[in-house]
Amino acid sequence: LLEEFLDRLPEIEPRTKVAIAQCLPYGQRLTYWPLRGVLYRLVGLSDDAKQHEVRAAIRAWLQASGMEALDREVELLAATVGAGETEVSDRSALLAAWRTFFEIAAQRSPLVLVFEDLHWSSDSLLDLFEFVMQPRGELPLLMIALTRPELLDRRPTWGGGRRNYISISLEPLTDADT
């Protein structure tokens, strides 16, 4: 379903940016690693960018959005993806920095964020995702979380009570259907 949606998206809204975060089976040890691909895609970095290049690109991207007092946001975003000079100790500031980052991206052009295999993610990434699911204001932002039912064992209230939240539960195909 996701592939079909993404294939048709350019016909619906050609300006839309799509960023995909792929959670890995060993995601509990790589807390925010899935956000690396999202940040690199939106900021325009190659996968082999050096740490100083990542920080410079984040700074330039935020400055182009008119954001002031960037040092803290640059460091928080960079540290999250392994390119920071310091460790992140202020969790609420980290969550706010990512929400602001996604909001700025959506203001620039319609944005679709996809989190694949979210059931493998760390609890910290789940917290961040739930936090950014509540943007401040009306934005052309669609967040899609693909997960297995196991996520509900860890987070029984996942998504519940969220504004504009829709959950689709799909049963596995039978052998005959496959």
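What this report covers is the structure whose coordinates are included nearby.

The rules behind these values
Residues numbered from 1 in each chain as written. Predicted model: local features only at pLDDT ≥ 70, side-chain atom pairs only at ≥ 80, totals over all residues. Heavy atoms only, no water. Phe/Tyr/Trp six-rings, centres within 6.5 Å; stacked < 30°, edge-to-face > 60°. Helix = DSSP H or I, 4+ residues; strand = E, 2+ residues; numbered from the N terminus. Core = buried A, V, L, I, M, F, W, Y, C linked by side-chain atoms within 4.5 Å. Buried < 20%, exposed > 50% of the residue type's maximum accessible area, 1.4 Å probe, protein only. Contact = heavy atoms within 4.5 Å. Axes fitted to C-alpha atoms, helices over the stretch in contact; angles between N-to-C directions. Parallel < 35°, antiparallel > 145°, perpendicular 65-115°, else oblique. Nonpolar A, V, L, I, M, F, W, Y, C, P; charged D, E, K, R; others polar. Polar contact = N/O pair within 3.5 Å; in protein donor to acceptor, adjacent residues only side chain to side chain.

Comments concerning the packing of aromatic side chains
Piece 1. Throughout the structure, instances matching the rule amount to 5 aromatic pairs.
Piece 2. For the ring pair Trp 61 and Phe 101, a centre distance of 4.6 Å and an interplane angle of 45 degrees mean the geometry is tilted. In this pair, Trp 61 is assigned in helix H3 (residues 51-64) and Phe 101 in helix H5 (residues 91-108), connecting sequence segments 40 residues apart.
Piece 3. With a centroid separation of 5.5 Å and 45 degrees between ring planes, the pair formed by Trp 98 and Phe 102 is classed as tilted. With Trp 98 and Phe 102 both in helix H5 and 4 residues apart, the pair spans about one turn of that helix.

Here we look at the nonpolar core
Piece 1. Counting 49 residues, the largest nonpolar core has Leu 35, Leu 39, Val 54, Leu 62, Trp 98, Phe 101 and Leu 113 as the members making the most contacts within it.
Piece 2. Looking at this core, the elements that each hand over two or more residues are strand E1 (17-22), helix H2 (34-43), H3, helix H4 (71-80), H5, strand E2 (111-116), helix H6 (123-132) and strand E3 (141-145).
Piece 3. It is H5 that contributes the most residues to this core, 10 residues altogether.
Piece 4. Look past the residues within four positions of Leu 35 in its chain and what remains in contact with it is Thr 80, Val 81, Trp 98, Phe 102, Phe 115, Leu 125 and Leu 128.
Piece 5. Grouped together as the second largest cluster of nonpolar side chains are 6 residues, Leu 6, Leu 9, Val 112 and Ile 144 included.

Considerations on the environment of Ala 97
Piece 1. One can find Ala 97 in helix H5.
Piece 2. For Ala 97, a relative accessible area of 6% puts it in the buried group.
Piece 3. For the pair formed by Ala 97 and Val 132, sequence separation is 35 residues and the distance between their alpha carbons is 9.7 Å.
Piece 4. Aside from chain neighbours lying at most four places away, what touches Ala 97 is Leu 76 and Leu 77.

Considerations on the environment of Leu 118
Piece 1. Mapped onto the fold, Leu 118 is located in the loop between E2 and H6.
Piece 2. Along the backbone, Leu 118 and Thr 147 are 29 residues apart, and their C-alpha atoms lie at a distance of 5.0 Å.
Piece 3. With residues near it in sequence (within four places) discarded, Leu 118 still touches Cys 23, Leu 126, Phe 129, Ala 145, Leu 146, Thr 147, Leu 151 and Trp 158.

Describing the packing of H4 against H5
Piece 1. Between H4 and H5, whose axes approach to 9 Å, the crossing angle comes to 95 degrees. Accordingly, the angle class assigned to the pair H4 and H5 is roughly perpendicular. Here Arg 72, Leu 76, Leu 77 and Thr 80 of H4 lie close against H5, whose contacting residues are Ala 93, Leu 94, Ala 97, Trp 98 and Phe 101.
Piece 2. Per-class residue counts for the contact of H4 with H5 are 7 nonpolar, 1 polar and 1 charged.

Thoughts on the side chain of His 119
Piece 1. Note on placement: His 119 falls in the loop between E2 and H6.
Piece 2. By relative accessible area, His 119 is classed as buried at 8%.
Piece 3. Among the polar contacts listed, one links the side chain of His 119 to the backbone nitrogen of Arg 148, at a separation of 3.1 Å.
Piece 4. Residues contacting His 119, with those up to four places away along its chain left out, are Thr 147, Arg 148, Glu 150, Leu 151 and Arg 154.

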